[in-house]
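Spelled out, the chains give:
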Amino acid sequence: MAVVNNIKEIREQRGIYQDDLAAAIGYSTKTVGRIERGDSTPSAEFMLRISKYFNMLVEDVFHVED
């Protein structure tokens, strides 16, 4: 089971740079990049911060794949 996200697609649609997103949510650009690529599993706090920043439901940004 893996947590999959569409952070990169949302970010690019809105014209937001990865480093600007990272600064806005209080995480490093490296961490955001790892999670975008699926190299790291996001914490609940990370998912909540991203969803709040995008003004979207957590379920609209993240989902679990078998």
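Above: the structure in question.
Attention here is on the structure that accompanies the text.

The rules behind these values
Residues numbered from 1 in each chain as written. Predicted model: local features only at pLDDT ≥ 70, side-chain atom pairs only at ≥ 80, totals over all residues. Heavy atoms only, no water. Helix = DSSP H or I, 4+ residues; strand = E, 2+ residues; numbered from the N terminus. Buried < 20%, exposed > 50% of the residue type's maximum accessible area, 1.4 Å probe, protein only. Salt bridge = Lys/Arg side-chain N within 4 Å of Asp/Glu carboxyl O. Core = buried A, V, L, I, M, F, W, Y, C linked by side-chain atoms within 4.5 Å. Contact = heavy atoms within 4.5 Å.

1. As for the overall build of the protein
Now for step 1: In terms of helices and strands, the protein carries 5 helices and 2 strands.
Now for step 2: Ordered by position from the N terminus, the helices and strands of the protein form the series β-α-α-α-α-α-β.
Now for step 3: With respect to the three principal axes, the spread of C-alpha positions in the protein is 30 × 20 × 20 Å.
Now for step 4: A total of 66 residues make up the protein; the buried ones form 30% of that total.

2. Describing the pattern of salt bridges
Now for step 1: Considering all chains together, one arrives at 3 salt bridges under this definition.
Now for step 2: E36 is the partner of R11 in a salt bridge, and the nearest nitrogen-oxygen pair spans 2.6 Å. Taken together, the positions of R11 in helix α1 (residues 7-13) and E36 in helix α3 (residues 29-37) put the pair 25 residues apart, joining distant regions of the chain. Like E36, R11 is buried.

3. Focus: the nonpolar core
Now for step 1: Counting 14 residues, the largest nonpolar core has I7, L21, F46, I50, F54, V61 and F62 as its most contacted members.
Now for step 2: Mapped by element, the contributors of at least two residues to this core are α1, α2 (18-25), α3 and α4 (44-54).
Now for step 3: If one sorts the elements of this core by residue count, α4 sits on top with 4 residues.
Now for step 4: Ignoring anything within four residues of it in the chain, the contact list for F62 reads V3, V4, N5, I7, P42, F46, M47, I50 and S51.

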